[in-house]
Amino acid sequence: MTERCDVGVPYEARLRDMLADRLSLLEPSLQLIDTEYPLPNAQGTRGRIDILARDGHGSWVVIELKRSDSTSGRALHEVTKYAELLQREMGLRKDRIRAMIVSTTWRELRVPVSNMARDWAHDLRGYQLTLDDDGVPVCADRVEFLEAAIPPQVTPHHFIYLYNSPEDRERGWREVLATAAEAGADDLLAADFQRISQRDSVVAPYGLYFAIGRLDPDRAPAWLDDGEADSPEETGGYPMEYAALCHITSTVFAAGYDTARPGLLRKLAEDPHWEIECYRTAGEFAKRTSLDERDLLRDLNGDDEGIGQVLYTGSARTTDRGRWPAFREESRACTARNPDWARLVGRWLDDVSADGVERDVMLHVYNPCDLIRSLVHGWPDKLSALVPMTFGTALATQDGDHRAIRGSLYWDGVACPDMTDRVRLVYRDAMHWQVHHLMDESWVTDLDLLSLLGLRYVLIEQIGGNPLLASEASELRLHFVQDEVLRTLPIPCEGAQLRDAGWNGAYSLDTFLETYEDQIDTLVETYQTGFHFGA
């Protein structure tokens, strides 16, 4: 017998009762518990579940029914409320609760439910309900949710072209766009920069910095070499993008050029001799019209993608369930080449998020992992900007201590009679170091060099007070790694505690440099002369 509704579009109550008798349209194993199932609550939130059922595995299934776009907007609110109330009032485990949203139309529902289904802890499904001419449910088709949107992302493959005039640079950008498109690299992010001091004496003072975005393999031309023959060190895990960059650089020419990598543009932005003029976007990056210059700099630096292995700046709130895990992954990537800082910074971030205090955390890391390169390019006047450093703050949003860290290299005070001899134990000569540098392996040998020179990566932590004023700290701590074990000492600490850790004292890097100033002069001159580096 055909059931008939009193109006053209059935009321939800009548439709609910008809669907409750036909739960097998959704899943064959569903067994009805009740309709309009009441859920009281001591906090005042209450409601009635349209249909409550159990599946063949014993899980409880909340079924929320909507019949039009005008009422579908309440669906997400109600299923989340009912799932929470079921947990609280019936003492159910989270994994034993599922939810289904059933609607005759999904025009307004599909986007928000797709988002929720990806992130919600409970199983959530959608069904498109089909009614016959009499308004009786006859079919329920599973709704295919939208996949997560993948934002455009830069890869580690960056490059710099240098031009004699802004007009030349503009023509160069058009050439880069056209050549990149030939290789299927439509997504580019770039920045214009220029020399703002001594411009007249600088050859090609107008720069174009660009990064290759991820390629779609299905859209890449057949002739594009996928880079499988190249080493992983060269391709950085992005062989097609590396091949696209090779195609660009072998086709487009300028007055000058230089290789680049994530982190370099931030150094240019912080250098008083250079100025970033504007940013350029192409492909999917061009859709991000709401981003400001800070966002674009972060993208080009590779901060959010965890590819900024030398220079990284990021922030997050410890209670932000979405941003905090991503921030932790970024921080791991930026310290990956420095095992001591990776462990020390990682433990500090875990500590500031584990004591129940909500904090806003900021982390800045400069992690070159090549002491020789810092000396060659920075000694003696510019070295402070080229040596490793870490700075982080964790500011409590309400009650709780502020915490901060400053990281750098410290000298253990053990005498080093001939520094040059110890350097030779790692690098036979300047050429040997240059080979390691060009092969991107100096970060490995740098650990051996630092150990021979008695230099250690440490963090000094301040707890309480103003993070910018160490004098106001209620507590200071020294964190370091000894024999693969994380150690913490109070500041000031007793000499016996330091000696037990293998230190004759804890001295700043400046003290080490002053102690061996003459030997460093000789070493740097030898390396600079061999490769014609400027100081």
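Further up the page is the structure itself.
Fair warning: this is a prediction, and the values are worked out from it, not measured in the lab.

Q: In this structure, what is going on with the sheet that holds strand β8 (residues 188-195)? I would like to understand it.
A: Sheet strands associate in pairs through backbone hydrogen bonding, adopting either a parallel or an antiparallel arrangement. In spatial order, the strands read β10-β7-β9-β8-β11; together these five strands make up an open sheet with antiparallel pairing. The strands lining the two open edges of the sheet, one partner per strand, are β10 (256-260) and β11 (274-282). Along the sheet, successive strands turn relative to each other by an average axial angle of 20°, direction set aside. Across seven bridges, strand β7 (residues 154-163) lies against strand β9 (residues 206-213) in antiparallel orientation. Residue pairing for β9: His158 is matched across the bridge by Ala211. Lying on the sheet, helix α7 (residues 239-249) is in contact with β7 and β9; it crosses β7 at an angle near 10°.

Q: It is not clear to me how the environment of Leu146 should be interpreted in this structure. Could you clarify?
A: Along the chain, Leu146 turns up in the loop between β6 (137-142) and β7. For Leu146 and Arg118, which are 28 residues apart along the polypeptide, the C-alpha to C-alpha distance reads 9.5 Å. Those residues within four positions of Leu146 in sequence are excluded, and the remaining contacts are Arg110, Val111, Ser114 and Arg118.

Q: Can you help me understand the sheet that holds β6 in this one?
A: Taken in spatial order, the six strands make up an open sheet running β1-β2-β3-β4-β5-β6, and their pairing is mixed. The open sheet has two edge strands, β1 (31-39) and β6, and neither has a second partner. Ignoring strand direction, the axes of neighbouring strands in this sheet form an average angle of 30°. As paired strands, strand β4 (residues 97-103) and strand β5 (residues 123-131) are joined by six bridges and run parallel to one another. Bridge pairing in β5 links Arg98 to Asp123.

Q: Looking at this structure, I do not really get the pairing of β9. What am I missing?
A: It is a general feature of regular strands that their side chains alternate between the two faces of the sheet. Within β9, eight of the eight residues are buried, which leaves the element mostly enclosed by the surrounding structure. Alternating positions in β9 separate into two faces, Tyr206, Leu208, Phe210 and Ile212 on one and Gly207, Tyr209, Ala211 and Gly213 on the other, with burial throughout. Across seven bridges, β8 lies against β9 in antiparallel orientation. For Asp192, the partnering residue across the bridge sits in β9 and is Leu208.

About the criteria used
Residues numbered from 1 in each chain as written. Predicted model: local features only at pLDDT ≥ 70, side-chain atom pairs only at ≥ 80, totals over all residues. Heavy atoms only, no water. Pairing = 2+ DSSP bridges. Helix = DSSP H or I, 4+ residues; strand = E, 2+ residues; numbered from the N terminus. Axes fitted to C-alpha atoms, helices over the stretch in contact; angles between N-to-C directions. Contact = heavy atoms within 4.5 Å. Buried < 20%, exposed > 50% of the residue type's maximum accessible area, 1.4 Å probe, protein only.

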